[in-house]
Amino acid sequence: MSRPSHASLTRIEEIAGAENVLTDSAGIAARAVCGVRPAIVVRPADGSQIAEVLRFAASEKLAVIPTGGCTKLGIGSPPSRYDIALDVSRLNSVLAYDPKDLTLGVEPGMRIADLLSRLAEQKQFLPLAVPFSERATIGGVVAANSSSPLRHAYGAVRDFCLGMEFVTGEGAQAKSGGRVVKNVTGYDLHKLLIGSLGTLAVITRVNFRTFPLPQAQGTFVASFPTPEGAFEFCRSVAHSALTPQIVEVADPGAGQLIFSGEASARIMPEHWSVVISAAGQHAVVDRYSRELGRLAEAAKAAEFHPIDEVAQSSILARIREFPRLALEAVPDAAIFRISALPASMPSLMAKLGAVAKQNYVEVATLTRASGIVYAAFVPTGERPVSVVCLTTMIPEVFDVCAQPELQASAMLEWCPSEIKTSADVVWGPSRPDFELMRRVKNSFDPQNILAPGRFAGGI
Amino acid sequence: MQTQLISELLALLGPTAVLSSREDLMLYEYDGSVELGSPRCVVFPSSTQDVAAIVRLANRYETPIVGRGSGTGLSGGAIARNGGIVIVFSRMNRILQIDEANLRAVVQPGVVNLDLSRAVEHLKLFFAPDPSSQKACTIGGNVSENSGGPHTLAYGVTTNHVTGLELVLPDGEIVRIGGKNIETSGYDLGGLMVGSEGTLALVTEITVRLMRKPEAVKTLLAVYDTLDDTTESVVDITVRAITPAACEMLDGFTLRAVEDYVHAGFPKDCAAVLLIEVEGLMEAVQAQAAEISEVCREHRAREVREARSDQERNLLWRGRKEAFGAMGRISPMYYVQDGVIPRTRLPETLRRIEEISIKYNLQIGNIFHAGDGNLHPLILFDERDREQFARVVAAGGEIMRHCVEVGGALTGEHGIGMEKNELMPLIFTPDDLALMERVRAAFNPAGRLNPGKVLPMGKACGEIRVPHVPAAAAIST
């Protein structure tokens, strides 16, 4: 942290108003990124104030990180510099919502929970069942490309985001895409911002397509004594005519986190559970009930049962919140987000388990059958030994993922800050395409003031 | 110098992979648009290494390079606007891998779109993007243009189906981005690359998602006596949140031309029809089809008919997909637009197109992806009549301006290319365009890869360019 001069502070106060510039220690601490604290927090009113702040920051080479609900500031490698936290929470309106067209334009500071209730009034939703749901904002969800179990049926942000407005590292207000559901006018620059952790631009508006809420929903749990059984069941569902909304595989450790109360009583503690949700007309949900039961039996499930409505909302919320729950249970957990192919899942699980064992840690995995795995490695011992175990284990996880028979793509989403001694710890070893990413970064942020060092390859 | 370039290309690729005679080159100076441009030579690489070597050679001669698949594009994307080398991918047409377990295929860019779906048909799989030119267009071209098609209403466009690419950069370097996985850490370079119209890199290998065929499909034909009733039905289907897999509209004029050609059983005396398809589980399809019929009847459809057999269904779709070809029977030439609008603005937009047709005294047919608001007005003309052609260009410009005014965009799936690049300022500010320029320069610093496409070249803002008098009839979209 370098401390902006008195003159800098005055200039930023001029732009946003003194009442919107914070220097109190609580405000600063809340916006620390991987333990690195900013000198000031600025809360601009709109895109043009953000542009002014960024133009000034670029001219003074002050490093800026955009923040919202501050739920995911721990993601990424530690910034090399961080002077200004640019809090976008005052930009929190729905700018355009046309329920008849199923399209939406929203500001980044709006909380996802508030947006979803607004859409629910029109019997619509966004398929963003993302962690930290109570506090997370749209900007953060997009910038971190938060993973949602609903991806199975609806795709990820990249699939239903129609366009964005944003401010570049030079303070230029720009946009790409639009608000129509099909559009190839110009480069899809907004796709680059998804998952960019604020390193390319500050998002000021996101346009989405919205989706009709289904008439009915049913959720089912099948449990299996082995991972092979669980993934075989997933395979048979994928090969059937069924197209569920959610297919999640919880290993015994993850099962303990996502099942509570009565639901947990019906799950054998050492079993692997597959949670499947189906949505649509009542007749469709009935069909799932019949067919999933048959497929579960064929895959030799130890148990298969539908879940009642109360348990359903609790289990789906806990699946959604899995990384948060894992961190709350063990703050020192190292949680990888791994993208892998469905057919390689049993082998990946076995290898992750072996790496954990060799390093004296435990692992809990929650796998989206669409190909995203949350692997939470939990140290069993006390600090500082636990930290040493994680430190030696992390590169081994990247090695396993890189094996030719797995070809998984991994990123360490969460871990204790002191372990993050370089970008490679979080992003894995350098890849040839990092050079292309560097060029992209340079076109958006030539002065390198936006979250420098937070991204892959030290970008 | 140029003869030396051709000798070097001949030495590199052999005599059967280089064309440079005037009569050979003429075949490559146009595509499916009304644009024209002559390359210096055309080459047919067989491998990624060939492509990289061609690119390095072109750099030594400071010669432009343009990638090309089957030349079915509708915005001049594959035309050598500034001359140079056209790299045709037709010999890189192998399906390298079909990974059934993971629902992926790895293909070379010259694989024809429909050939991939045919190759996986026995596994009950398909490749979702289905542009009407799918019998001819290549997957490399689909990637460049981010192609759509009728069924993208439910399945999304090309960008939603690409997980990995192998690229040859404009400096000749070969780089892989993404792979088979659903996501790869780092910036979404694939998301940038798909739809960049061959201006950032040449694509030499593509990994795509395969989809499982639905167990049930119903195809409905709703017949109307007025355009307004037809468009209001589309709005209402969207509003009621029924999500068909496809929702296509053909107006009466187009329909008559199609029926005379395809004999699909379209009624020739109606104002318009909707061709609607619902897919999925049997139970869902039944319910959705019933709901759609109800909406159509509420909007005074005079008939809602269901295809009773695969044969009947295929015939209806053939009518839709070959409609552009059918136009060739009644007009020497047509200019197809690709504007996209919010779906709620469909009724007023079709009325506006009708007014424009009267104002400029031109015949305009409408056949398009109504469900996602993607218009395809076809303006008919005779290329020998220069005065008429000027009216065509003016009418096209007016339709596009209307699309922008109601909150739409210039192109839904055909691309900007060299047809609409000077119209980009209608949508984008100088700052937007400057950033796009910088991103292009980050990949293509010398501007030698597909020059004169996508971004404006600094001519009068918002002017539609009067193209050369076209030399050949356009093929279907």
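No experiment lies behind these values; they were computed from the predicted model shown.

Analysis parameters
- Starting from 1, residues in each chain are numbered consecutively following that chain's sequence as written.
- Throughout, the order in which chains and ligands are written sets their labels, letters from A for the former and numbers from 1 for the latter.
- The predicted origin of the model limits local features to residues at a pLDDT of at least 70 and limits the giving and counting of side-chain atom pairs to 80 or more, whereas totals for whole chains, interfaces and linings rest on all residues.
- In this entry, domain limits derive from an automatic or database-based domain assignment.
- Contact between two residues is assigned when their C-beta atoms, built from the backbone, lie within 7 Å.
- Strands here are runs of E lasting at least two residues and helices are runs of H or I lasting at least four, both read from the DSSP assignment and numbered beginning at the N terminus.
- In this count, Pro and Cys sit with the nonpolar residues alongside Ala, Val, Leu, Ile, Met, Phe, Trp and Tyr, while Asp, Glu, Lys and Arg are called charged and the others, Gly among them, polar.
- In this analysis, the expected span of each helix is defined as 1.5 Å times one less than the number of residues it contains.
- Fitting axes to the seven residues that end at a residue and to the seven that start at it, the angle between those axes gives the bend at that residue.
- Burial in this document is a count-based property: other C-beta atoms within 10 Å of a residue's C-beta are tallied, and the residue is buried at 20 or more, exposed at 12 or fewer, or partly exposed in between, with C-beta positions derived from the backbone.
- A pair of strands is treated as paired once DSSP finds two or more bridges between them.
- Simply put, an axis is a line fit to the C-alpha atoms, just over the touching stretch for a helix, and the angle between two N-to-C directions goes from 0 to 180 degrees.

A. Quick peek at the domain arrangement of chain B. Residue and element names in this part refer to chain B. On domain assignment, one finds that chain B holds domain 1 (1–213), domain 2 (216–326) and domain 3 (332–414). Computed from C-alpha coordinates alone, the two centres of domain 2 and domain 3 are separated by 21 Å. In this complex, domain 2 contributes 19 residues to the contact, which on the side of domain 3 involves 13 residues. Those elements that provide at least two residues to the side of domain 2 that touches domain 3 are α8 (227–239), β13 (246–251), α9 (252–262) and α12 (323–327). Here the element with the most residues in the side of domain 2 that touches domain 3 is α8; it accounts for 7 residues. In terms of residue class, the side of domain 2 that touches domain 3 is made up of 12 nonpolar, 3 polar and 4 charged.

B. Main features of the interface of chain A and chain B. With 62 residues of chain A in contact, the opposing surface of chain B contributes 66 residues. Contributing elements (two or more residues each) for the side of chain A that touches chain B: α7 (157–160), β9 (173–177), α8 (189–193), α12 (282–298), β19 (409–414) and α18 (434–444) of chain A. Per element, the largest residue contribution to the side of chain A that touches chain B is 7 residues, and it comes from α18(A). Classifying every residue of the side of chain A that touches chain B gives 28 nonpolar, 21 polar and 13 charged.

C. A look at helix α16 (residues 385–402) of chain A. Residues and elements named next belong to chain A. Over its 18 residues, α16 extends 27 Å from the first C-alpha to the last, a length consistent with the 26 Å expected when each residue adds 1.5 Å. At Met-393, α16 shows its largest bend, some 25°, and a proline, Pro-395, comes one to four positions later. Looking only at α16, the buried set comprises Cys-389, Leu-390, Met-393, Ile-394, Val-397, Phe-398 and Cys-401. Where α16 is buried, its residues meet β16 (334–339), α15 (345–358), β17 (361–368), β18 (372–379), β19 and α17 (423–427).

D. Geometry of the sheet that holds strand β13 (residues 246–250) of chain A. Residues and elements named next belong to chain A. The strand order across the open sheet built from 8 strands is β15-β12-β14-β13-β17-β18-β16-β19, with neighbouring strands paired in antiparallel fashion. Two strands close off the open sheet at either side, each with one partner strand: β15 (303–307) and β19. Averaged over all pairs of adjacent strands, the angle between strand axes in this sheet comes to 20°, irrespective of strand direction. Sheet topology places β16 next to β19; 5 bridges connect them, and they run antiparallel. Opposite Ile-335, over in β19, you have Trp-414 as the bridge partner. Its contacts with the sheet place helix α9 (residues 227–238) against β12 (216–224), β13 and β14 (272–280), and it is angled at close to 20° to β14.

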